[in-house]
Amino acid sequence: PIEQGDRPIYSEAMFYSTWNPYGVDPTTIEGPKHIVVNVSEQVFRLYQGDTLVLETYTSTGLAPNETEIGFFHVRLKYESQTMEGFADGTGEVISMGPDGGEGEHWMVEDVPHILYFNYEAEAIHGAYWHNNFGARMSHGCVNLPLDVAAFVWEFSPLGTPVTVVE
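Residues numbered from 1 in each chain as written. Predicted model: local features only at pLDDT ≥ 70, side-chain atom pairs only at ≥ 80, totals over all residues. Heavy atoms only, no water.

(A) Quick peek at a nonpolar patch on the surface. A contiguous nonpolar patch, built from Y128, W129 and L146 and spanning about 300 Å² of accessible area, is present on the exposed surface. With respect to the helices and strands, W129 occurs in the loop between β8 (123–126) and β9 (142–144). A relative accessible area of 36% places W129 in the partly exposed class. (Patch = residues over 30% accessible without salt bridge, like charges linked within 9 Å, V, L, I, M, F, W, Y side chains within 5 Å. Areas by Shrake-Rupley, 256 points an atom, 1.4 Å probe, with all protein chains shown as cover. Salt bridge = Lys/Arg side-chain N within 4 Å of Asp/Glu carboxyl O. Helix = DSSP H or I, 4+ residues; strand = E, 2+ residues; numbered from the N terminus. Buried < 20%, exposed > 50% of the residue type's maximum accessible area, 1.4 Å probe, protein only.)

(B) Spatial organisation of the nonpolar core. Counting residues in each nonpolar core, the largest one holds 23 residues, and the members touching the most others are I35, F44, L46, I124, V152 and V162. In contact with V152, not counting residues within four places along its chain, are I35, F44, L46, L115 and L144. Among the nonpolar cores identified, the runner-up in size contains eight residues, and A87, W106, I114 and A123 belong to it. (Core = buried A, V, L, I, M, F, W, Y, C linked by side-chain atoms within 4.5 Å. Contact = heavy atoms within 4.5 Å.)

(C) Fine view of the environment of S80. Here S80 is to be found in strand β5 (residues 76–87). Ignoring sequence-local partners within four residues, the contact set of S80 consists of D110, V111, P112 and I114.

(D) Layout of unusual backbone geometry. Here A63 and P64 are connected by a cis peptide whose omega angle stands at 5°. With respect to the helices and strands, the residue P64 is situated in the loop between β3 (51–57) and β4 (70–73). Here the phi dihedral of A121 falls at roughly 65°; this positive angle occurs in a residue that is not glycine. Following the sequence through the fold, A121 ends up in the loop between β7 (104–116) and β8.

(E) Region of the structure containing the side chain of S138. Its location among the elements puts S138 in the loop between β8 and β9. You can call S138 buried: its relative accessible area is 10%. A polar contact is formed between the side chain of S138 and the backbone nitrogen of G61, at a distance of 3.3 Å. Sequence-distant contacts of S138, defined by excluding residues within four places in its chain, comprise S59, T60, G61, L62, N65 and N143. (Polar contact = N/O pair within 3.5 Å; in protein donor to acceptor, adjacent residues only side chain to side chain.)

(F) Molecular detail of the sheet that holds strand β6 (residues 93–96). Taking strand neighbours across the sheet as the criterion, the five strands line up as β6-β5-β7-β8-β9 in an open arrangement whose pairing is mixed. At either end of the open sheet lies a strand with only one pairing partner, and these are β6 and β9. Ignoring strand direction, the axes of neighbouring strands in this sheet form an average angle of 45°. As judged from the 10 bridges shared by β5 and β7, these two strands associate in the antiparallel manner. Looking across to β7, one finds that M83 is bridged to V108. With respect to the sheet, helix α1 (residues 146–155) is in contact with β5, β7, β8 and β9, its orientation differing from that of β7 by roughly 55°. (Pairing = 2+ DSSP bridges. Axes fitted to C-alpha atoms, helices over the stretch in contact; angles between N-to-C directions.)

(G) Layout of the environment of D110. Structurally, the position occupied by D110 is in strand β7. The sequence separation of D110 and N20 amounts to 90 residues, and the corresponding C-alpha distance is 22 Å.

(H) How the structure looks around the packing of aromatic side chains. For the structure on display, the rule yields four aromatic pairs. For the pair F72 and F117, a centre-to-centre distance of 5.5 Å together with 55° between the ring planes defines the contact as tilted. Placement of F72 in strand β4 and of F117 in the loop between β7 and β8 is noted, with a sequence separation of 45 residues between them. Residue F117 is classed as buried on the basis of its relative accessible area of 1%. Ring centres of Y128 and W129 lie 4.9 Å apart, and the angle between their planes is 85°; this geometry places the pair in the edge-to-face category. The ring of F155 has K33 sitting right over it, with the charged end atom 4.0 Å from the ring centre. (Phe/Tyr/Trp six-rings, centres within 6.5 Å; stacked < 30°, edge-to-face > 60°. Lys NZ or Arg CZ within 6 Å of the ring centre and 35° of its normal.)

Such coordinate-based values are descriptive only and should not be taken to indicate function.
In structure tokens, the structure reads:
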């Protein structure tokens, strides 16, 4: 450590503006942050060190677009974004984006608090279009209630580990 004199000690907690809906005060916890998504339970867990900071039901990918199992990191973050792509006749997503796709076009505008975590364009984000958390509902993304997504987005910096288990 470098002597700071009378300067305040830096803490990420100084920048939190969103209350944790789970009720745990993250400013009192130390250790690395990590996310665990349990697909079979449809449960999302956020940890700092060994402390469970947040737990909630989630909605992951519905066949044929199951959420990819594995170990990832938060790669990109957007406060809001339109998500769109194309699906084939079975409902499987075959391309992302507004152009160049074949099949049925789908689009969801103003998706809030997005954290992309893998190379399949799967993300953790808020879902305003359903309230059926605990059941598979998505094209592979991890849907969260809006207040939870806002907290997770603010709490989880780029590089936060994301583990998706069956």
